[in-house]
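# Architecture at a glance
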Amino acid sequence: MKTIYVDNNATTQVAPEVIDAMLPFLRDMWGNPSSMHTFGGQVAKNIDKAREQVAALIGAERTSEIVFTSCGTESDNTAIRSQLLATPQKRHIITTKVEHPAVLNLCKEVAKEGYEVTFLPVDGEGRLDLEEFKRSIRDDTAIVSIMWANNETGVIFPIEEIATLCEQRNIPLHVDAVQAVGKIPINLSKTPITYLAISGHKLHAPKGVGALYVRRGTKFHPWLVGGHQEHGRRGGTENVASIVGLGVACELALANLDSEKNPIAMLRDRLEKGILESIPRAFVNGDKIMRLPNTTSISFESIEGEAILLLMNEYGICASSGSACTSGSLLPSHVLVAMGIPFTRAHGSIRFSLSRYNTGEDIDFILEKMPGIVSQLRKLSPVP
Amino acid sequence: MWNYTEKVIDHFLHPRNVGEIENADGTGEVGSLACGDMLRLTFKIDENGRIKDAKFKTFGCASAIASSSALTEIIRGMTLEEAEKVTNKDIAQYLGGLPEEKMHCSVMGREALEAAIKNYRGQSTPKRELEGKVICKCFGVTEKDIRQVAIENDLTTVEQITDYTKAGGGCGECQEEIQQILDEIAAKRAKGIESAEQPWPPLSAAEGMGNGTPTPLVANTTHMTNLEIVHKVEEIINTRIRPALKQDGGDLELVDIDHETVYISLKGACATCPSSTATMRQFIEKELRKEISSSIRLEEVRR
């Protein structure tokens, strides 16, 4: 059975070019970049090159602003912990209710340590109220941590405006850009952001590598304390092959961002339109304009997400759901709940997230199968 | 991804007895859309008082659908007296087991059956009514529900209660109350196997048994001399309690034993620890009670 993979906000296929670029560093050039000998030392140049490639994708002015990490979660934790240590007298944090657990649960953790955290709400379309954000800023606000784009709905927050507001008030801003990098243009030379988290496996690099952008001049406290790697900002021997892979993945992403009409957005729109036309009582969750080009979250009323996913699975279609049953908890996704999506819809939400590897045939196949899946489950449902 | 059995997948992909019986003799409805699952069961009784047909409609995940399908298969042909004895365990077993976190699906099946039987007997409307004190407000779970599931399935932890009834899985505010119910059940269980001559009062719900594992209390001090008790206490302290306390940088000294009161003095890290009293009651006392007598009391002597 062919796999139709539309779960790219969960993880992505490693690009073949990325694998090709990585292999020499597993087979032959396996030296330690910190070594004095040429065999090891020559590897360091390749890490520098990857740093340039990452910096180019996000418009960082200096390669020294990029720190390689193990994942997006490490980048998020490092940024927030580092900033709190830098200004211990400041005891307030601003974030949102719809962050990824990497930020949300960290903020809940530091709240237990005595910090006061403002969790900004979102409206029914998943949007932030900038006036409310402004009002929540305090003199003792240590850091603002807001995601660039939401992983479940794809809704994009106005980070440029938030960054300007933070700069005016001289408050450091951390942006979890794990879902945004490689999908929408980012230019940090024009957007005054202090920290920005990147995850490799969300943009066709392998799992186990990420990066953190740290603006020059930021007082930094390493999270992993050890050797002098990453200019003393992240101890631990570099994950060389994956870092090289991340660099190449960023270069590929940049090349694909340039295309005028985003082919992924066109496929996504066709999928969304097709589902809404062929299936009654299907609703798109979140702002349809300010949204990642690859994502659509669709709720099918009065049926349950896990059941939908497992029937899709029977056809090899891979997607995600915000239902309670798939989260391992008993409540639907915190993002949909924060948006005030009614339970009748929240439990039946399916997230389709595409990548450049999806084809028109994939979309046709999904459109062919979805109406039957939904009607099969609706026949079982006691709620008409 | 859940580790479903082939039988669960089969009943999910090919559910048996889907639908609603017109002019049903009994109808039972549990759950709600808000909770994420909902089941409506209908059945028809034949002239011999047996369930001749049962159908279901379910909103929910794969295991909710499979549990409903299994329920209808199980009860077809049963008398109401037989059907009344069906437990959630029977449903789970029929399916070759369910993941722990999904056991609430089997409980939902049993509850729908109960409601339908009550409805048939004219004791209630189809919609399952909550009886007694509601413990979990998020999911509408009563004390009675929790007790029944805990006893029928030998559950001992709050987490298990959440897996089986959803109680405590929303805001989490009722978790302490659930623990109290479990403590009470554990204490009763313990009492249940005590001998008839048992002179010691049972543990109250507030103390001991905090980890949820029901431990049979064997109270055998009646035949022990004071010296034997001293030796026993020393042995327990040396082999079980002291090593554990030392891991936390603490220690204790046996000061005296007067009938059933053990006087000890805490040393090292324990002596200055503000929660030392709690440590004493929960850990040491529990160990001693388990081994010697359920009425052993612990007193701390400050030196």
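Before any of the text, the structure's been laid out above.
Residues numbered from 1 in each chain as written. Chains lettered and ligands numbered in written order. Predicted model: local features only at pLDDT ≥ 70, side-chain atom pairs only at ≥ 80, totals over all residues.

## Looking at the overall build of chain B
- For chain B, the count of helices and strands is 11 helices and eight strands.
- Nonlocal contacts in chain B, meaning residues at least 24 apart in sequence, comprise 56% of its contacts between residues at least 6 apart. (Helix = DSSP H or I, 4+ residues; strand = E, 2+ residues; numbered from the N terminus. Contact = placed C-beta atoms within 7 Å.)

## Observations concerning the pairing of strand S2 (residues 37–45) of chain B
Residue and element names in this part refer to chain B.
- A large share of S2 lies buried, amounting to seven of its nine residues.
- As paired elements, strand S1 (residues 26–32) and S2 share seven bridges and run antiparallel to each other. Within the sheet, the bridge partner assigned to Ser-32 lies in S2 and is Asp-37.
- Between S1 and S2, which pair antiparallel in sequence order, lie four residues; one of them, Gly-36, sits at a positive phi of approximately 95 degrees.
- Sheet topology places S2 next to strand S3 (residues 51–59); eight bridges connect them, and they run antiparallel. Of the residues in S3, the one forming a bridge with Met-38 is Phe-59.
- Linking S2 to S3, which pair antiparallel, is a turn of five residues; within it Gly-49 sits at a positive phi near 80 degrees. (Buried ≥ 20, exposed ≤ 12 C-beta atoms within 10 Å, placed from the backbone. Pairing = 2+ DSSP bridges.)

## Some details on the sheet that holds strand S12 (residues 320–321) of chain A
Residue and element names in this part refer to chain A.
- Spatially, S9-S10-S13-S12 is the arrangement adopted by the four strands of the open sheet, whose pairing is antiparallel. Edge positions in the open sheet fall to strand S9 (282–284) and S12, since each of these has one partner strand only.
- Two elements, S9 and strand S10 (residues 295–300), share three bridges in a ladder whose sense is antiparallel. The partner of Phe-283 across the bridge, within S10, is Ser-299.
- Sheet strands touched by helix H9 (residues 263–278): S9, S10 and strand S13 (349–353). Its angle to S10, the strand with the most contacts, is close to 10 degrees. (Axes fitted to C-alpha atoms, helices over the stretch in contact; angles between N-to-C directions.)

## Concerning the nonpolar core
- Counting 92 residues, the largest nonpolar core has Ala-307 and Ile-308 of chain A together with Leu-41, Ala-62 and Ala-167 of chain B as its most contacted members.
- The leading source of residues in this core is helix H5 (residues 103–120) of chain B, at 10 residues.
- When neighbours within four sequence positions are excluded, Ala-307 of chain A is seen to be in contact with Leu-377 of chain A together with Cys-61, Ala-62 and Ile-65 of chain B.
- Counting residues in hydrophobic clusters, the runner-up holds 80 residues, among them Ala-60, Val-67, Val-209 and Leu-252 of chain A. (Core = buried A, V, L, I, M, F, W, Y, C linked by C-beta atoms within 7 Å.)

## Considering helix H7 (residues 158–165) of chain B
Residue and element names in this part refer to chain B.
- Within H7, six of the eight residues are buried, leaving the element largely enclosed by the surrounding structure.
- Residues Val-158, Ile-161, Thr-162, Asp-163, Tyr-164 and Thr-165 constitute the buried set of H7.
- A positive phi of about 75 degrees marks Lys-166, the residue just after H7.

## Quick look at helix H3 (residues 72–86) of chain A
All names here are of chain A.
- Helix length check: H3, at 15 residues, gives a terminal C-alpha distance of 21 Å against a target of 21 Å (1.5 Å per residue), a fit within 8%.
- When you tally the buried positions in H3, you get 11 out of 15 residues, the bulk of the element.
- Along H3, the residues that are buried comprise Gly-72, Thr-73, Glu-74, Ser-75, Asp-76, Asn-77, Thr-78, Ala-79, Ile-80, Ser-82 and Gln-83. (Expected span 1.5 Å × (residues − 1).)

## Some words on the packing of helix H1 (residues 6–13) of chain B against helix H2 (residues 62–75) of chain B
Residue and element names in this part refer to chain B.
- In the contact formed by H1 and H2, the axes pass within 8 Å of each other and the chain directions differ by 85 degrees. Considering their axes alone, H1 and H2 lie roughly perpendicular with respect to each other. From H1, Val-8, His-11 and Phe-12 reach across to H2, where they touch Ala-62, Ser-63, Ile-65, Ala-66, Ser-69 and Ala-70. (Parallel < 35°, antiparallel > 145°, perpendicular 65-115°, else oblique.)

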